[in-house]
Each structure stands twice: as C-alpha cells, then as structure tokens.
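# Inside the fold
So the chains spell out like this:
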Amino acid sequence: MRDNRRMAIREIDPRDVAALLAQGSVFIDVREEHERASGQAEGARGIAKGELERDPATHLPDRDASIILICQKGGRSMGAARVLEAAGYSRLASVAGGTSRWIEEQRPVVMPALSAEARDFNERYSRHLLLPEVGIAGQQRLQRSRVLMIGAGGLGSPAAFYLAAAGVGHLRIADDDVVVRSNLQRQILHAEARIGEPKVSSAQATLAALNPRTQVEAVQERVTAENVERLLENVDVVLDGADNFPARYLLNDACVKLGKPLVYGAVQRFEGQVSVFDAGRHRGERPCYRCLFPEPPPPEFAPNCAEAGVLGVLPGVIGLLQATEVIKLLLGTGETLAGRLLHFDALAMRFRETRLRHDPDCPVCAAGRPFPGYIDYAAFCRAT
C-alpha cells in the first residue's frame, strides 16, 4: 500500500549525487538545451524545466522514484522540485549551487553532441535564449526575418550593428552615397580606410565581421517611386534612416500600400525623435507619417545635418531605439511606439512622449480609401 505522506525536498551537495545514482536515483538537468550545450553534470539527463513541469508523468512515470534535479545555480531545480512535489512525487532532491558549483568542484562533465552550427547558435545568442520573451523560438524567428534599411548613415549605422548582432537573418541596406570623412563623426559602420567606398559595401564588410550568420544585401541605390516596391519586396519591417523629407513621405506611402510597419527616426543638432507607423496593417486605427506631418515644413525650419550640425552620439541613441522597435516587431512582443512619438533632448537628457492620432481624412491611410498613387515627392516637398 502506497504511503501518501510527503517528504521535504532535500537540498544536497554535488558530492552526494554519486551515491544516490548508485542507488538508482534519476538525475535530471532542468536547464534549457542551449545552456546544457556548454557542459552538464555526468549522469544527468537533460529535460528543460518547462517541458518537465508540463507533463512530468511522461518523463517520470514512477512517482516513488528518487529524483535529483540540477540547474545552473540551484533556484530553478528547487522550483521544479516543488512542482513535482505538488504532482505527487515524494522523493525529491535539488543540487545546491547547481552546475556552476559542480564545475567549480571539478566533478565530471559531459558535452552534449551538437553540430558546429547549433553550437555557434547557442553560444552567440545565449543571452537572448535566456529571455522567455525570446527563447529558441524567438531567436529562430529573428533568423528568418528580413529587414529593409534605408540609409547606411548616422541612424542606419547603430541600428544595423545591433540588428546584425541580434541575429536578424537578412538585412537589405539601400544607400547610393559614398563614405566621406565628415561621416566618421557619427556613422560608425565606416572607417578612415573606406573613404570613397560605397556606404553599402562598407556596411556589408563591417557587419560580416560582426556576425557572419546575418546576410547583408547591399543595394547602392537611392529610394525612388520606381524602385521602392522592389526594395520592400519580401521584407517584414522597414527602418527609415533617410535624412530627407521626400524619402520619408515615399517610404510612408509605400509601407501603407504594402502593409509594412515603418520604424521612423530623425535627428537634428541635439534632438531626435522616433516612432512606429503601422497604418498599413491597421487601416483607420493607427496613424501614418502623413497623419503627423500632412505637409513637410519649409526648408528654413528643417535644415539637414550638413546645414545645422548634429551631436555625433545623437544618431546612436535614436538608431538604437529604432533597432529596439524593429526587434519587438519581429518578435511580436512588448508595446511598440505605434501611436506615440518619442522625443529625446540630449542637452537636457530628457525623453518626452506625444500621443499621435489617426487622421480619418488622411489622403493615404484613411479607412477604405484607395491608394492615391506615388507622386513627385521632391516637388511636393519644395512646394511648401
């Protein structure tokens, strides 16, 4: 007859494990697969904590068996033991100090068999894989993602660095400019030795050295009404790193038409702003760039960086915020800046936020309104 009395969960030292294994105990490493790839205690079987807790009977059919659990430091294994205890398991132990202590005490460790590609994936993205909001599934989603970046300059440089580092699988970078010395104060993709080279080629070389798993497609073209839809083909998100109003209006209109989220950024002197325009997928609900700026400001009120100057680190701040929004959109997690405009004042070191509303009379994104077609954006911006 089964004894239903519960025994307290024991916390044991690594040195006690061998004797328990000799007596027939089951030893389980509850860390995630990518964590176990760097080495696990000899004799342990790998079953991730979440998987074990979802269906313990499949992995441990005998509720009276002696079970030893280990994780990295000891917290997760104790948590899993409590879940198993609630499910009716009565002989449970957790290894104090976990695998870290096991290795410190130089106890036997085995390396799970992994392909070189899998090991690179696990090592490179290990900090992402620890985040429940990312994990293996999210990282694989980033690896399948395609992002269009317009501009390999001040905003595109930091954004491209972090999107490549994060593991976005394909970056299509479009820019028709070449590297000049005045770029180097803020455009960190480039270097003195690459002055005169196309920016997209310089970006491609830099990012390949950072993460060879990211494919960088260099397109040495300026975005126009004739090529914009080709550039947007098969991409998931568009990052606006342009420095002129014609390109911004064109990108907005194309993204509304094709249903692509657009991550907007702009900088001048000591101030910058960033937002997400996702009206193409949410017609009549979320605003587009034209809802915020129905018409461009007169040139005298919006000089470019070459005319007004820009603090070198400012595009870094805004570009990193843009990269953050891109990653959130690709993962489908968190709250994006859609419907909000984030302002940054570097001199005051202050952020402020402006709520944006959809314009029901917007000529491009109003619900039920057919796409009006592309216009002469340069002339449109000159006419104001």
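Quick caveat, the model's predicted, so the values are computed rather than measured. (Residues numbered from 1 in each chain as written. Predicted model: local features only at pLDDT ≥ 70, side-chain atom pairs only at ≥ 80, totals over all residues. Heavy atoms only, no water.)

## Considerations on the environment of Gly 74
Keep this limit in mind: Each helix corresponds to a stretch of at least 4 residues labelled H or I by DSSP, and each strand to a stretch of at least 2 residues labelled E; elements are numbered beginning at the N terminus. Residue contacts are counted whenever heavy atoms from the two residues lie within 4.5 Å of one another.
Within the secondary structure, Gly 74 is located in the loop between strand 5 (66-70) and helix 5 (75-86). Residues Gly 74 and Gly 97 lie 23 residues apart in sequence; the distance between their C-alpha atoms is 5.0 Å. The contact partners of Gly 74, leaving out residues within four places of it in the chain, are Ser 94, Val 95, Gly 97 and Gly 98.

## Remarks on the nonpolar core
The nonpolar side chains of a soluble globular protein tend to be buried, and buried together. Condition: Remark: nonpolar core denotes a set of buried residues (Ala, Val, Leu, Ile, Met, Phe, Trp, Tyr, Cys) joined through side-chain atoms within 4.5 Å. Relative accessibility decides the category of a residue: with a 1.4 Å probe and only protein chains considered, values under 20% of the type maximum give buried, values over 50% give exposed, and everything between is partly exposed.
Grouped together as the largest cluster of nonpolar side chains are 39 residues, with contacts concentrated most on Val 147, Met 149, Leu 163, Leu 171, Ile 173, Leu 207 and Val 326. Considering each element in turn, this core owes the most residues, 8 residues, to helix 16 (residues 314-331). Ignoring any residue separated from it by four or fewer positions in sequence, one finds Leu 163 in contact with Val 147, Met 149, Val 168, Leu 171, Leu 239, Ala 323, Val 326 and Ile 327. Leu 232, Leu 251, Tyr 264 and Cys 381 belong to the second-largest nonpolar core, a separate cluster that totals 28 residues.

## Side note on the pattern of salt bridges
Stated formally: Take a side-chain nitrogen of Lys or Arg and a carboxyl oxygen of Asp or Glu: if they are within 4 Å of each other, that pair is a salt bridge.
According to the stated counting rule, one finds 23 salt bridges in the structure shown. Asp 278 is the salt-bridge partner of Arg 281, the closest N and O atoms lying 2.8 Å from each other. Among the charged side chains, a salt-bridge network with shared partners connects Asp 13, Arg 15, Arg 101, Glu 105 and Arg 107.

## A short note on the packing of helix 10 (residues 156-166) against helix 16
When two helices pack together, their arrangement is given by the angle between the helix axes and by the axis-to-axis distance. Convention followed: Helix axes are fitted to C-alpha atoms over the stretch in contact, other axes to C-alpha atoms as well, and angles between N-to-C directions run from 0 to 180 degrees. For a crossing to be left-handed, the near helix must be turned anticlockwise from the far one by less than a right angle; the clockwise case is right-handed. Residue polarity follows a fixed list, in which Ala, Val, Leu, Ile, Met, Phe, Trp, Tyr, Cys and Pro are nonpolar, Asp, Glu, Lys and Arg are charged, and the others, Gly among them, are polar.
Interhelical geometry of helix 10 versus helix 16 gives an angle of 35° and a closest axis separation of 7 Å. Considering how the two elements wind past one another, helix 10 and helix 16 form a crossing that is right-handed. On the side of helix 10, the interface is formed by Pro 158, Ala 159, Tyr 162, Leu 163 and Ala 166, while helix 16 contributes Pro 315, Gly 316, Gly 319, Leu 320, Ala 323, Val 326 and Ile 327. A class-by-class count of the residues in the contact of helix 10 with helix 16 yields 10 nonpolar, 2 polar and no charged.

## Looking at the pairing of strand 11 (residues 237-240)
Short version of the rule: Here, any two strands with at least 2 DSSP bridges between them count as paired. For the handedness criterion, the strands are oriented away from the viewer, and a crossover whose path from the first strand over the helix to the second runs clockwise is classed as right-handed.
Neither face of strand 11 is exposed, since Val 237 and Leu 239 on one face and Val 238 and Asp 240 on the opposite face are all buried. Of the pairings in the sheet, the one linking strand 8 (residues 146-150) to strand 11 comprises 4 bridges and is parallel in character. Across the sheet, residue Met 149 finds its bridge partner in strand 11, namely Leu 239. Read from strand 11 through helix 13 (residues 245-258) to strand 12 (residues 262-268), the crossover connection turns out right-handed.

## Some points on the sheet that holds strand 4 (residues 45-46)
The strand order across the open sheet built from 5 strands is 1-6-5-2-4, with neighbouring strands paired in parallel fashion. With partners counted over all chains shown, the strands left at the sheet margins are strand 1 (10-12) and strand 4, one partner each. In this sheet, strand 6 (residues 91-95) lies alongside strand 1 in parallel orientation, the contact comprising 3 bridges. Of the residues in strand 6, the one forming a bridge with Glu 11 is Ser 94. Along the sheet, helix 5 makes contact with strand 1, strand 5 and strand 6, crossing strand 6 at roughly 170°.

## Description of the packing of aromatic side chains
Stated precisely, the cut-off is as follows: Aromatic rings from Phe, Tyr and Trp, with only the six-membered ring used for Trp, were paired whenever their centres fell within 6.5 Å, and each pair was classed as stacked if the ring planes differed by under 30 degrees, edge-to-face if by over 60, and tilted otherwise. In this scheme, Lys NZ or Arg CZ marks a charge over a ring once it lies within 6 Å of the ring centre and within 35 degrees of the ring normal.
Overall, the coordinates contain 10 aromatic pairs when judged by the stated rule. Where Phe 27 meets Trp 102, the ring centres are 5.8 Å apart and the plane angle is 40°; that geometry is what we call tilted. Residue Phe 27 is found in strand 2 (residues 26-29), and its partner Trp 102 is found in helix 6 (residues 98-104); the two are separated by 75 residues along the sequence. Every member of this aromatic cluster is reached through a ring pair, and the members are Tyr 249, Tyr 264, Phe 277, Tyr 289, Phe 293 and Phe 380. Here the guanidinium or amino end of Arg 248 rests over the ring plane of Phe 245, the centre of that ring lying 5.2 Å away. Cation over ring: Arg 290 sits above Phe 380, and NZ or CZ is 5.3 Å from the ring centre.

## Describing the packing of helix 9 (residues 135-144) against helix 16
In plain terms, the rule: Each angle is binned into one of four classes, with values under 35 degrees roughly parallel, values over 145 roughly antiparallel, values of 65 to 115 roughly perpendicular, and all other values oblique.
Contact pair helix 9 / helix 16: the axes reach a minimum separation of 9 Å and the direction vectors enclose 110°. Classified by the angle their axes make, helix 9 and helix 16 are roughly perpendicular. For the element pair helix 9 and helix 16, the recorded crossing hand is right-handed. Contacts from Gly 138, Arg 141 and Leu 142 of helix 9 reach helix 16 at Ile 327, Leu 330 and Leu 331. Residue composition of the contact of helix 9 with helix 16, grouped by class: 4 nonpolar, 1 polar and 1 charged.

## A short note on the confidence of the model for the protein chain
Using the following cut-off: For every residue, the predictor assigns a confidence score, pLDDT, that lies between 0 and 100.
Looking at the protein chain, pLDDT values average 93 and 95% of them are 70 or higher. A low-confidence stretch, residues 1-5 stays under pLDDT 50, and its non-local contacts, those more than four residues away or across chains, total 3 contacts.

## Some words on the pairing of strand 13 (residues 271-277)
Taking burial as the measure, the 7 residues of strand 13 include 6 buried ones, the bulk of the element. The pairing of strand 12 with strand 13 spans 7 bridges and is classified as antiparallel. Within strand 13, the residue paired with Leu 262 across the bridge is Phe 277. The antiparallel pairing of strand 12 with strand 13 creates a hairpin that spans 2 residues between the two strands, and Arg 269 there sits at a positive phi of about 55°. Of the strand pairs in this sheet, strand 13 and strand 14 (residues 340-345) are connected by 5 bridges, and their pairing is antiparallel. For Val 274, the partnering residue across the bridge sits in strand 14 and is Leu 342.

## What about helix 16?
Residue pairs three or four apart in sequence face the same way in an α-helix, which turns once every 3.6 residues. The condition that has to hold: To estimate the expected span of a helix, count its residues, drop one, and scale the result by 1.5 Å.
With 18 residues, helix 16 ought to run about 26 Å at 1.5 Å a step, and its terminal C-alpha atoms sit 26 Å apart, in line with that. Across the 18 residues of helix 16, 13 count as buried, placing the element largely inside the fold. Where helix 16 terminates, the next one or two residues include Gly 332, which has phi positive at roughly 70°.

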